[in-house]
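# Per-entry structural report
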Amino acid sequence: EKVLNQLYGWSKGDKAKRVEMFQAVAENRPGEPLVAIFLAFAQKENGDVDGGLATLSKAEQTMPNAPYVPLNRGHLLLAKKDTDGALAAYVKAVKAAPAFAKGLFDDLNGRAFNTGEFTPSQREKLWMALWEAWPEAVDTANNAGLWYRDIGKDYKRSSSWYLRAVEAAPDSPQVLN
C-alpha cells in the first residue's frame, strides 16, 4: 500500500499519465484489490468516473471477497449521486468482510451519519447491515440513535437504536452519556 501511495503521489501533475501507470501495474498484478482501487481513483480524478466504476466492477467479479473493492465502488457511485447504487455497494462490502474490519466500519458508520444525500431509509439499511454484521460495535447503534434523535427527529426509532446500544454495551460510558 505504501508503494502505491507513493506512486499515486509522484504522478500528481499528469493525471492521464497516472492512469497509464496504474493500468500497467494492474496488468502485472491483476488479483490485487488495492491496485484496482488506485486505478479507479486515478480514472475518477482524470474525469472518467465511469471508467473507475468499470474497473471496480471487474475487480469485484474476480475478487468477490475483497470488501474494500465494493466499498470504493460505493464511494464513486456516491460521487455520481447514485445513492441507491452506493448503498448496495456498501452493504455488499459489509457482507464481504470476513471479520470485523475497523477501517470499513468507521468509514461506513460515519457515512451513514454524515452523508447528506442518504434518505433516512437508506441510512437505516446501512446501519442495519453494520449492526447485523457487528452487533458488538456499539458505535452503530449509538450513532443511529443520535442521528434519529437530533437530525431525523424520529424519537421512536432513536429509542430503539439506543436500546440496542444498551444491550450491546450496558456499562459503556459512550452509551450511558
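Anything mentioned here points back to the structure above.
Residues numbered from 1 in each chain as written. Predicted model: local features only at pLDDT ≥ 70, side-chain atom pairs only at ≥ 80, totals over all residues. Heavy atoms only, no water.

As a further point, take the overall build of the chain. Summing up its helical and strand segments, the chain has eleven helices and zero strands in all. Element order for the chain, N to C, with α for helix and β for strand: α-α-α-α-α-α-α-α-α-α-α. The proportion of buried residues among the 177 residues of the chain is 45%. Here the analysis covers contacts within the chain between residues at least 6 apart in sequence; of these, 50% occur between residues at least 24 apart. Approximately 9400 Å² of the chain is accessible, and the part contributed by carbon and sulfur atoms is 53%. Computed over 22 positive and 22 negative side-chain charges, the separation of the two mean positions in the chain equals 3 Å. (Helix = DSSP H or I, 4+ residues; strand = E, 2+ residues; numbered from the N terminus. Buried < 20%, exposed > 50% of the residue type's maximum accessible area, 1.4 Å probe, protein only. Contact = heavy atoms within 4.5 Å. Areas by Shrake-Rupley, 256 points an atom, 1.4 Å probe, with all protein chains shown as cover. Lys, Arg positive; Asp, Glu negative; His and termini not counted. Charge placed at Lys NZ, Arg CZ, Asp CG, Glu CD.)

Glancing now at the side chain of Gln122. Its place among the elements puts Gln122 in helix α8 (residues 120-133). Exposure remark for Gln122: the relative accessible area of 6% places this residue in the buried category.

Locating Ser158 in the fold gives a position in helix α10 (residues 155-168). According to the relative accessible area criterion, Ser158 is buried, its value standing at 3%. Setting aside chain neighbours within four positions, we find Ser158 in contact with Gly145, Tyr148 and Arg149.

In this section: unusual backbone geometry. The residue Lys81 is not glycine, and still its phi comes out positive at about 70°. Secondary-structure assignment places Lys81 in the loop between α5 (68-79) and α6 (83-96). One non-glycine residue, Lys153, adopts positive backbone phi at about 55°.

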